[in-house]
Amino acid sequence: MPPRHDVADLVSRARAGEARSVARLISLVEAESPALREVSAALAGHTGRAQVIGLTGAPGVGKSTTTSALVTAMRRQGRTVGVLAVDPSSPFTGGALLGDRIRMEEHATDRGVYVRSMASRGHLGGLSWAAPHAIRVLDAAGCDVVLVETVGVGQSEVEIAGLADTAVVLLAPGMGDGIQAAKAGILEIGDVFCVNKADRDGATTTRRELRTMLSMTQRTDDAWTPPIVLTVATTGEGIDDLVTALDEHHAQQRASGRLEHRRRARLRREVEQIALAEVSRRFELGRHDRLDALAEDVLTGRTDPFTAADELLAATPDGQGGTLGRAFTDRDADSGTTEPC
């Protein structure tokens, strides 16, 4: 782990495209290093240029192969590409299993491509806690496009919609994906749908079923009708059409102002998550001396859960010489209310 005074140098080198510095910055992010705040501050003002594309879908639909094919197509156009492949975590080390990176070996020597496998660390949304910060690193490093491939975990796939500018939902014929799409709610979050393995029987049927379900789905963006693209990622068939659909969605979002709205909402959630994580850290619920006693008081009827929570807040430092209980009371007083949090 580099000392604090090396962070500025790392960011400078990463912005110049040095892969080793990009790797070290993402490692700091994944490790939740004490230098993470400094990294974030150093990256501020150098992000917001990259087109962020999220790919999700049930296991077996060909997400990794499609991602690799997209990289090939985009490199032919001269675009630099960063790939965050979120893999399941190893039960032994907690690290990524690296399956996606193996499938993208063909890009290993291309200096215009950066591939990073990240462990989901048990995160239920198919992503990693560090993913938004890693995207920011790749953005600042000059990537024109950042592809984020999720684990693909059924009903939790919808989280990618909050992270990407464009969400791609992959399906494959003969896997029951039509039913899964309706159940998981991914019809609402998909900006582009891709029926991969279209050389198999049933591809056109899957596309027809999807189109029917999409016509009955209420979406927040009525100005955009999600296209359904047929691909065979192993041969590259249909991949250029998929790239065109992605670019058309990005251009429409930018022209309508929805891209800025989407990114603002994303950052709002990120700031909120960081703040809540800090509050949770200060609680230190698992080690809080008062928690067991308060739980016992609620169990025996000596107090109620809300009063117990107020007492817990009153005993938790806010990091500024006061307590969280006092901070919440002051906030309510400023808003004209006196009720406890």
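Before reading on, note that the structure itself is shown above.
Residues numbered from 1 in each chain as written. Predicted model: local features only at pLDDT ≥ 70, side-chain atom pairs only at ≥ 80, totals over all residues. Heavy atoms only, no water.

1. Some points on the layout of surface pockets
Then step 1. Roughly 510 Å³ of internal volume is contained in the largest pocket.
Then step 2. Forming the boundary of the largest pocket are 22 residues, of which Ala19, Asp110, Arg111, Val113 and Tyr114 lie nearest the centre.
Then step 3. The set of elements that each furnish at least two residues to the lining of the largest pocket consists of helix 2 (19-30) and strand 3 (113-119).
Then step 4. Sorting elements by how many residues they give to the lining of the largest pocket places strand 3 first, with 3 residues.
Then step 5. Split by residue class, the lining of the largest pocket holds 12 nonpolar, 5 polar and 5 charged. (1 Å grid on protein atoms, 1.4 Å probe; cavity = no way out; pocket = protein on both sides within 12 Å on 5 of 7 lines; lining within 4 Å. Points joined across faces, edges and corners; volume = space filled by probe spheres on them. Helix = DSSP H or I, 4+ residues; strand = E, 2+ residues; numbered from the N terminus. Nonpolar A, V, L, I, M, F, W, Y, C, P; charged D, E, K, R; others polar.)

2. Things to note about helix 1 (residues 7-15)
Then step 1. Buried residues of helix 1: Val7, Leu10, Val11 and Ala14, and no others. Taken end-on, helix 1 shows its buried residues confined to a sector of 95°, consistent with a single buried face.
Then step 2. Two residues or fewer past helix 1, glycine 17 is found with a positive phi of approximately 95°. (Buried < 20%, exposed > 50% of the residue type's maximum accessible area, 1.4 Å probe, protein only. Arc of directions from axis to C-beta.)

3. What about the side chain of threonine 206?
Then step 1. Turning to its location among the elements, threonine 206 is positioned in helix 9 (residues 203-215).
Then step 2. Residue classification places threonine 206 among the buried residues on the basis of a relative accessible area of 9%.
Then step 3. Non-local contacts of threonine 206, meaning those with residues more than four positions away in its chain, are made with Pro173 and Val195. (Contact = heavy atoms within 4.5 Å.)

4. Some remarks on the packing of helix 2 against helix 6 (residues 131-140)
Then step 1. For the pair helix 2 and helix 6, the least separation of the axes is 9 Å and the interaxial angle reads 160°. Looking at the two axes, helix 2 sits roughly antiparallel to helix 6. In the crossing of helix 2 with helix 6, the sense of the turn from one axis to the other is right-handed. Of helix 6, the residues touching helix 2 (which contributes Val22, Leu25, Ile26 and Val29) are His133, Ala134, Val137 and Leu138. (Axes fitted to C-alpha atoms, helices over the stretch in contact; angles between N-to-C directions. Parallel < 35°, antiparallel > 145°, perpendicular 65-115°, else oblique. Left-handed = near helix turned anticlockwise from the far one by under 90°.)

5. Quick look at the pairing of strand 6 (residues 192-195)
Then step 1. Taking every second residue as pointing to the same face, both faces of strand 6 are buried, with Val192 and Cys194 on one and Phe193 and Val195 on the other.
Then step 2. Sheet analysis places strand 5 (residues 166-171) next to strand 6, joined by 4 bridges and oriented parallel. Opposite valine 168, over in strand 6, you have valine 192 as the bridge partner.
Then step 3. Across 3 bridges, strand 6 lies against strand 7 (residues 228-230) in parallel orientation. Bridging across to strand 7, valine 195 finds its partner in leucine 230. (Pairing = 2+ DSSP bridges.)

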